[in-house]
Amino acid sequence: MTLKLCLLGSGSSGNCTFIGTGTTRILIDAGLSARKTAERLTEIGERAEEINAICVSHEHGDHIAGIRVLQKNHGIPVYANGGTLDAILRDSKQAGLECRRFTTGAPFAIGDLMIEPFSVPHDAYEPVGFVVRAGALSVGVVTDIGVVTGLVREKLRKCQAVVIEANHDETLLHEAARPWSLKQRIRGNQGHLSNRAAAALIAEIAGDGLQHLFLAHLSADCNSPHHARTAFETLLSGAGHTHVTVRLAGADGVSEQVILEG
Ligand SMILES: [Zn+2]
Ligand SMILES: [Zn+2]
């Protein structure tokens, strides 16, 4: 069994993660345009027509912008929980979207993948993170969380690969020319994770089999690849976890691809 993982795009301009075995291929979120999503799938040797599902984490535009056109043009089923689905369908731009409903906390199968949606704290109706399993292999995808909870820790533990939000550097956010209210929203318990908070989480769980880490959802003006990478590598090496490969995902193109084998 192999599991391929690649971020097609990440950041406030659009988030989309590809995960696939030899027979089943899914996207976690589709926040890029449908055209860009299809182009980037081609770049990694995949085809939009062969995607079996889009699993939506929450209704914010940077996670759903492409879902309706991807479904219309390529016939891709969209999966969301009830709260997210209700919020999506209130938006007239999503009129006509057909969604299959999953229940937060209840694993469901798509082909040979098992998808586990779990609750995360964020300012959306029913936001979730996902663990995607294929046999003994597992990938955790958690972006857009305000604070690390015990459930997040428990779910990401033992994953071989993790996609984690590294949204902002706390000093850069403090100094940024942004309204105070927006800064408070970002750093609040329903907002986004700082490099430091995300790195502390990963340093805590990395001993349990983690091999590959993708840093995702970096803020364009309150973070930098250098700040994010330094925060993680410092904490991981300080905790003795030199076996973890840290990769960055950005808005401008696809990330490196990782193939898990097991
Ligand atoms: Zn969000
Ligand atoms: Zn987001």
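Everything in this summary refers to the structure shown in the same document. (Residues numbered from 1 in each chain as written. Chains lettered and ligands numbered in written order. Predicted model: local features only at pLDDT ≥ 70, side-chain atom pairs only at ≥ 80, totals over all residues. Heavy atoms only, no water.)

### Re the pattern of salt bridges
Two side chains that carry opposite charge are able to pair once their charged atoms sit near each other. How we decide: Definition used for salt bridges: Asp or Glu carboxyl oxygen within 4 Å of a side-chain nitrogen of Lys or Arg. Working definition: helices are DSSP H or I runs of at least four residues, strands are E runs of at least two. Numbering for both runs from the N terminus. Throughout, exposure labels follow a simple rule: accessible area from a 1.4 Å probe, protein chains only, divided by the maximum for the residue type, with under 20% read as buried, over 50% as exposed, and the rest as partly exposed.
Per the counting criterion, the structure on display carries 15 salt bridges. Across the pair Glu46 and Lys4 runs a salt bridge, and its minimum N-O distance is 2.8 Å. Taken as a pair, Glu46 in the loop between helix H1 (34-43) and strand S4 (53-55) and Lys4 in strand S1 (residues 2-9) lie far apart in primary sequence, 42 residues in all. One exposure class covers both Glu46 and Lys4, and it is buried. Between Arg47 and Glu50 there is a salt bridge; the shortest N-O distance is 3.2 Å. Overall, Glu50 belongs to the partly exposed group, its relative accessible area being 34%. If you follow the salt bridges from partner to partner, you end up with Lys4, Arg25 and Glu46 in one network.

### A closer look at unusual backbone geometry
The backbone of Asp29 shows a phi angle near 65°, a positive value even though the residue is not glycine. When you line up the elements, Asp29 lands in the loop between strand S3 (25-28) and H1.

### Regarding the coordination of the zinc ion (ligand 2)
Selection rule: Note that water is not among the atoms used; donors are N, O and S atoms within 2.8 Å of the metal (3.2 Å for Na, K and Ca), so sites may look incomplete. Angle rules define the geometry names used: all angles between 85 and 135 degrees makes four donors tetrahedral, while opposite donors over 155 degrees apart and all other angles between 65 and 115 make four donors square planar and six octahedral, leaving every other case irregular.
Only Asp62 (OD), His63 (NE2), Asp144 (OD) and His217 (NE2) from the protein coordinate the zinc ion (ligand 2), and they sit 2.1 to 2.3 Å from it. Here the zinc ion (ligand 2) binds four donor atoms, and the angle range of 90 to 161° at the metal identifies the geometry as irregular. The sequence pattern formed by the donor residues of the zinc ion (ligand 2) is D-H-x80-D-x72-H. A separation of 3.6 Å is found between the zinc ion (ligand 2) and the zinc ion (ligand 1), which are bridged by Asp144. His63 matches Asp62 in its accessibility class, with the two residues each being buried.

### Looking at the pairing of strand S5 (residues 78-81)
This is how it is decided: In short, DSSP must find at least two bridges between two strands for them to pair.
Side-chain alternation along S5 places Val78 and Ala80 on one buried face and Tyr79 and Asn81 on a second face that is also buried. For S4 and S5, the ladder comprises two bridges, and the chain directions are parallel. Paired with Ile54 across the bridge in S5 is Val78. Pairing analysis gives four bridges linking S5 to strand S6 (residues 99-102), with the strands arranged parallel. Across the sheet, residue Tyr79 finds its bridge partner in S6, namely Arg100.

### Concerning the packing of aromatic side chains
For the record, the criterion: Pairing of aromatic rings covers Phe, Tyr and Trp, the last counted by its six-membered ring, and requires centre-to-centre distances within 6.5 Å; plane angles under 30 degrees mean stacked, over 60 mean edge-to-face, and any other angle means tilted. The rule is short: NZ of Lys or CZ of Arg within 6 Å of the ring centre and within 35 degrees of the ring normal puts a charge over the ring.
The full count for this structure, using the stated rule, is three aromatic pairs. Geometrically, the ring pair formed by Phe102 and Phe108 is stacked, given 5.2 Å between the ring centres and 15° between the ring planes. Overall, Phe102 belongs to the buried group, its relative accessible area being 5%. Residue classification places Phe108 among the buried residues on the basis of a relative accessible area of 14%. One residue, Arg90, lies across the ring of Tyr125, its end atom 4.8 Å from the ring centre.

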